[in-house]
Amino acid sequence: MKRLTEASGPVEIHRARWLVPVCAPSIENGAVLVSGGRVIAAGPFQTVKKESSPGARTFDHGQAALMPCLVNCHTHLELSGLKGKISFPQPGFGPWVKRLFELRAALGPEFATEGLRLGEEEILRSGTGLCGDITNGGAVAPLCLTGLERLVFVELLGFNLNSLEEALPPGMKIEEVGAIPAPHSVYSVSSSIISRGKDWTRSRGMPFTMHVAEHFEEIEFLNTGKGFCRELLEGLGRFDPSWKPPGKTPVEYLDGLGVLDANTLLVHAVHMSDSDWRLAAARNCRAVFCPRSNRNLGVGRPGIEKALSAGLNCSLATDSLASNEDLGLFGEAGHVLDNYPSIDPREILEMITVNPARSLGRAGEFGCIEPGAGAKMLAVGLGRGVSRSSLPGALIEAGREGAWKWVSNLPT
Ligand SMILES: [Zn+2]
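None of the values given here were measured: they were computed from a predicted structure. (Residues numbered from 1 in each chain as written. Predicted model: local features only at pLDDT ≥ 70, side-chain atom pairs only at ≥ 80, totals over all residues. Heavy atoms only, no water.)

Enquirer: So what exactly am I meant to see when it comes to the overall build of the chain here?
Expert: Of the regular secondary structure elements, the chain holds 16 helices and 15 strands. Taking 2.2 N^0.38 as the reference for a compact globule, 412 residues should give roughly 22 Å; the C-alpha atoms of the chain span a radius of gyration of 22 Å, in line with that estimate. Scored against the burial criterion, the 412 residues of the chain give a buried share of 57%. When contacts within the chain are restricted to residue pairs at least 6 apart in sequence, those whose partners lie at least 24 apart make up 72%. For the chain, the exposed area adds up to about 16,000 Å²; of that, 52% sits on carbon and sulfur atoms. Of the side chains in the chain, 41 bear a positive and 45 a negative charge, and the two mean positions are spaced by 4 Å. (Helix = DSSP H or I, 4+ residues; strand = E, 2+ residues; numbered from the N terminus. Rg over C-alpha atoms; globule rule 2.2 N^0.38 Å. Buried < 20%, exposed > 50% of the residue type's maximum accessible area, 1.4 Å probe, protein only. Contact = heavy atoms within 4.5 Å. Areas by Shrake-Rupley, 256 points an atom, 1.4 Å probe, with all protein chains shown as cover. Lys, Arg positive; Asp, Glu negative; His and termini not counted. Charge placed at Lys NZ, Arg CZ, Asp CG, Glu CD.)

Enquirer: Explanation requested: helix α10 (residues 274–282) in the structure shown.
Expert: At 3.6 residues per turn, the α-helix brings residues three or four places apart onto the same side. Every buried residue belonging to α10 is among Asp 276, Trp 277, Leu 279 and Ala 280, and all of these are buried. Axial view of α10: buried residues confined to an arc of 165°, hence all on one face. What points out from α10, more than 90 degrees from its buried face, is the exposed set Arg 278 and Ala 282. Where α10 is buried, its residues touch α9 (250–256), β11 (264–268), β12 (286–289) and α12 (304–309). Once α10 ends, the next one or two residues include Asn 284, with phi positive near 65°. (Arc of directions from axis to C-beta.)

Enquirer: Help me understand the coordination of the zinc ion, please; the structure alone is not making it clear to me.
Expert: In a perfect tetrahedron of four donors around a metal, the angles come out at 109.5 degrees. In a perfect octahedron of six, they are 90 or 180 degrees. All of the protein donors around the zinc ion are His 74 (NE2), His 76 (NE2), His 211 (NE2) and Asp 319 (OD); their distances to the metal are 2.1 to 2.5 Å. Geometry at the zinc ion is irregular, judged from its four donor atoms and the angles of 81 to 163° they form at the metal. Along the chain, the residues that donate to the zinc ion are spaced as H-x1-H-x134-H-x107-D. With His 76 in the loop between β6 (70–75) and α2 (93–106) and Asp 319 in the loop between β13 (313–316) and α13 (329–339), this residue pair connects regions lying 243 residues apart in the sequence. Asp 319 matches His 76 in its accessibility class, with the two residues each being buried. (Donors = N, O, S within 2.8 Å, 3.2 Å for Na, K, Ca; no water. Tetrahedral: all angles 85-135°; square planar, octahedral: opposite > 155°, others 65-115°.)

Enquirer: Hey, could you run me through the layout of surface pockets in this one?
Expert: Rolling a probe over the atoms, with the probe sized like a water molecule, indicates the empty space that remains. A volume near 780 Å³ is recorded for the largest pocket. Forming the boundary of the largest pocket are 33 residues, of which Phe 101, Asn 136, Glu 155, Leu 157 and His 184 lie nearest the centre. The set of elements that each furnish at least two residues to the lining of the largest pocket consists of α2, α4 (164–167), α8 (228–236) and α11 (291–297). Class assignment of the residues belonging to the lining of the largest pocket gives a composition of 17 nonpolar, 10 polar and six charged. (1 Å grid on protein atoms, 1.4 Å probe; cavity = no way out; pocket = protein on both sides within 12 Å on 5 of 7 lines; lining within 4 Å. Points joined across faces, edges and corners; volume = space filled by probe spheres on them. Nonpolar A, V, L, I, M, F, W, Y, C, P; charged D, E, K, R; others polar.)

Enquirer: Help me understand the packing of α13 against helix α16 (residues 391–400), please; the structure alone is not making it clear to me.
Expert: Close contact between α13 and α16 brings their axes to 8 Å; oriented N to C, the two are set at 130°. Considering the angle they form, α13 stands oblique to α16. Crossing of α13 against α16: the hand is left-handed. Contacts between α13 and α16 pair Phe 330, Gly 331, Ala 333, Gly 334, His 335, Leu 337 and Asp 338 from the former with Gly 393, Leu 395, Ile 396, Glu 397, Gly 399 and Arg 400 from the latter. The residue inventory of the contact of α13 with α16, partitioned by class, reads five nonpolar, five polar and three charged. (Axes fitted to C-alpha atoms, helices over the stretch in contact; angles between N-to-C directions. Parallel < 35°, antiparallel > 145°, perpendicular 65-115°, else oblique. Left-handed = near helix turned anticlockwise from the far one by under 90°.)

Enquirer: I keep staring at the state of the cysteines and nothing clicks. Help me out?
Expert: By definition, a disulfide links two cysteine residues through a covalent bond between their sulfur atoms. Counted under the stated rule, the structure contains one disulfide. Paired by a disulfide, Cys 23 and Cys 368 hold their sulfur atoms 1.5 Å apart. Placement of the pair is Cys 23 in the loop between β1 (11–19) and β2 (27–35) and Cys 368 in the loop between α15 (354–359) and β14 (377–380), with a sequence separation of 345 residues. Free cysteine Cys 229: the closest other cysteine sulfur is in Cys 290, separated by 18 Å. (Disulfide = S-S within 2.5 Å.)

Enquirer: So what exactly am I meant to see when it comes to α13 here?
Expert: Within α13, eight of the 11 residues are buried, leaving the element largely enclosed by the surrounding structure. Listed as buried for α13 are Leu 329, Phe 330, Gly 331, Glu 332, Ala 333, Gly 334, His 335 and Val 336.

Enquirer: How should I be thinking about the sheet that holds β11 in this particular structure?
Expert: Note on sheets: strands pair through backbone hydrogen bonds, and any given pair is parallel or antiparallel. Taken in spatial order, the four strands line up as β10-β11-β12-β13 in an open sheet, and their pairing is parallel. Bordering the open sheet on either side are β10 (208–212) and β13, each of which pairs with just one other strand. The mean inter-strand angle of the sheet, taken between neighbouring strand axes irrespective of direction, is 25°. When β10 meets β11, the two strands line up parallel, connected through five bridges. The residue of β11 that forms the bridge with Met 210 is Leu 266. (Pairing = 2+ DSSP bridges.)

Enquirer: Sorry, what's going on with the environment of Asn 160 here?
Expert: Here Asn 160 shows up in the loop between β8 (149–156) and α4. Note: C-alpha distance between Asn 160 and Pro 68 (92 residues apart in sequence) is 43 Å. Excluding residues within four positions of it along the chain, Asn 160 makes contact with Gly 237, Arg 238, Phe 239 and Asp 240. Here the side chain of Asn 160 touches Gly 237 through a polar contact of 3.5 Å, landing on its backbone oxygen. (Polar contact = N/O pair within 3.5 Å; in protein donor to acceptor, adjacent residues only side chain to side chain.)

Enquirer: What's the story with the sheet that holds β6 in this structure? I'm lost.
Expert: Pairing within the open sheet is parallel, and its four strands lie in the order β6-β7-β8-β9. In this open sheet, the two strands that pair with only one neighbour each are β6 and β9 (180–183). Going across the sheet, the axis of each strand differs from the next one's by a mean of 25°, ignoring polarity. Together, β8 and β9 form the strand contacts of helix α6 (residues 191–204), whose direction differs from that of β9 by roughly 150°.

Enquirer: What exactly am I supposed to notice about the domain arrangement of the chain here?
Expert: Interface size, as often reported, equals the accessible area lost upon joining of the parts. For the chain, the assigned domains read domain 1 (11–69 + 367–406) and domain 2 (70–359). Taking the mean C-alpha position of each, domain 1 and domain 2 sit 32 Å from one another. Contact between domain 1 and domain 2 buries roughly 1,600 Å² in total, counting both sides, with carbon and sulfur atoms accounting for 75%. At the junction of domain 1 and domain 2, the tally comes to three residue pairs in polar contact (both at pLDDT 80 or more). Those elements that place two or more of their residues in the side of domain 1 that touches domain 2 are β5 (65–68), β14, α16 and β15 (404–406). The element best represented in the side of domain 1 that touches domain 2 is α16, accounting for seven residues. For the side of domain 1 that touches domain 2, the residue count by class is 14 nonpolar, three polar and three charged. (Domains from an automatic or database assignment. Buried area = accessible area lost by both parts, 1.4 Å probe.)

Dropping the structure here:
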């Protein structure tokens, strides 16, 4: 059993009927040795106990399963004040955007910071320890709550703009706020902003995230230059009359700009052709699916099975409370369990833990219970009839029912 040196201070052994490291096979009667907020060792209880220091305190979680905390790699916490204000299902992307704009316009300047506070609370209550969060600029503030890590992306907008500075929220200096630029989508920013955003993230080894192929209107716009996206841009005074539609899919278009690689997150990816998936796989892109948001906006059903069989690293995320009923990844995973019967529940579990941790560049710290990883874990309560093979599905079901608690590094 691989083992690190214990830090000074309290040493804890967490024992449970099941240990689900995610990156390694599950262990019956397993345990995790924790010290200084890190996992020191994980394995069979007797082995962990034998190798721990004499003063280690044991916490027995009974019939539960220990698993890593969840990782949500696509949220917009600042929209959390809109929870329950938009009814689902919406009749399509266009009507939803119009409703979103109306609601945002009606809210005051404190909307984003108040939303961030509400979102932090909700996402922590859902068992998430790390999120990739997108702001329009109003919510780059440090977190109020401990226990949650937030990788902040600042959305770039401007179809008729060319520089990163212009596409950022007014007055923002990206280096000063410690955030990562993220072009919104192929229909809301120019090709030069997409390229410059990628150059910025590539030179720093950081993730590059975009909404890609979310709705049919995006496909229509790149093909014909017409439809809802054109009308939206014209209404906002953002359309560039010299622009010619490339006649490509979003993935082909992004590939032509040279921005697809292993640090590129394709968020939503609902309207993807088979050749799009082959291209995304050849470039080693990461796919991020938000299937409940897609259902709620009536934009379609993402082909998660196709992405998995093409070999992409796939994650599940919730998007915002403007398009989802909650920020819970157990709920998102349960939706996939119900609606994608050909996907192995073990893979669904990876899509809410280790895969998003990899996509955010935080593998080794989040997503697996292994020596050196952070010790933010969940204890999920299970019934007695759970076998090794039924464990991943049972975990998701119990998580969806709320039968879990934080184990260590308890959020405050
Ligand atoms: Zn989004």
